[in-house]
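# Summary of structural features
Below, each chain spelled out in residue letters.
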Amino acid sequence: MKLSSQQKGFTLIELLVAIAIIGVLAALAYPSYLSYIRRARLDNARAMMSDTALAMERYYGQHQTFCQASSTTTCTLPSITFTTKDRASAASAASIAVTVDNDNYDFSLVKVDVNNFVLKGAPKSGLYSADVLATNQLILFYDSSVPAFVRCTSSGANDYLTVSPTDQNGPDGCEVMQ
């Protein structure tokens, strides 16, 4: 029996080995890719929160307070309008207008007094599962009294506003970003 010296194509075993190698490489690369995507979204949210903090500081420069002007003695949150680039002209003249280029996070002013404020950036609903939010620090806070960015897990975010920002330990699940 004479074998042909010209073989064309791949054997089934060679094809299965190649597919297995590609599968192993993909399994190793996918978690790194997800981590990269989370970091990129977090950095984008941090940039948007910096823009918001600057808008708040401009408001403070004009009004000498972070509170909205009112006749009561309590401090009420100023009105902030977050708009996208294509709807930037839709902002009210009576509010602080911040142009946001972020489809992944919702931003809000969660605490304000005469001289300080706390901004929160949380992933939009459905972007991450509850398990991911519980184990990864994906919720951002900007505290003007420190001033620093802090990232928290979902449980740490629930405790963040009840702990003093100058407390060395801080809430569990939170860390100051460098």
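Preceding this paragraph is the structure being described.
What counts, and at which threshold
- Residues numbered from 1 in each chain as written.
- Predicted model: local features only at pLDDT ≥ 70, side-chain atom pairs only at ≥ 80, totals over all residues.
- Heavy atoms only, no water.
- Helix = DSSP H or I, 4+ residues; strand = E, 2+ residues; numbered from the N terminus.
- Buried < 20%, exposed > 50% of the residue type's maximum accessible area, 1.4 Å probe, protein only.
- Contact = heavy atoms within 4.5 Å.
- Areas by Shrake-Rupley, 256 points an atom, 1.4 Å probe, with all protein chains shown as cover.
- Pairing = 2+ DSSP bridges.
- Axes fitted to C-alpha atoms, helices over the stretch in contact; angles between N-to-C directions.
- Disulfide = S-S within 2.5 Å.

With that settled, consider the overall build of the protein chain. For the protein chain, the helix and strand inventory stands at three helices and seven strands. Element order for the protein chain, N to C, with α for helix and β for strand: α-β-β-β-β-α-β-β-α-β. In the protein chain, which comprises 178 residues, the share counted as buried stands at 29%. Counting only contacts in the protein chain whose residues sit at least 6 apart along the sequence, the fraction spanning at least 24 positions is 44%. Total accessible area on the protein chain stands at roughly 11,700 Å², and carbon and sulfur atoms take up 55% of it.

Right, let's get into the sheet that holds strand E4 (residues 117-123). Judged by pairing direction, the sheet is antiparallel, and its five strands sit side by side in the order E3-E4-E5-E6-E7 without closing on themselves. Edge positions in the sheet fall to strand E3 (105-112) and strand E7 (174-176), since each has one partner strand and no second. Ignoring strand direction, the axes of neighbouring strands in this sheet form an average angle of 20°. When E3 meets E4, the two strands line up antiparallel, connected through seven bridges. Of the residues in E4, the one forming a bridge with Leu109 is Leu119.

So, about unusual backbone geometry. Backbone geometry places Gln64, a non-glycine residue, at a positive phi of 55°. Relative to the helices and strands, Gln64 resides in the loop between helix H1 (12-63) and strand E1 (80-83).

What follows concerns the state of the cysteines. Scanning all chains against the criterion turns up one disulfide. Across a sulfur-sulfur distance of 2.0 Å, Cys152 and Cys174 are joined as a disulfide pair. The sign of the S-S torsion, about 115°, decides the handedness of the disulfide formed by Cys152 and Cys174: right-handed. With a gap of 22 residues between them, Cys152 in strand E6 (residues 148-152) and Cys174 in strand E7 connect regions that are remote in the sequence. Residues Cys152 and Cys174 agree in their burial class; the two are buried.

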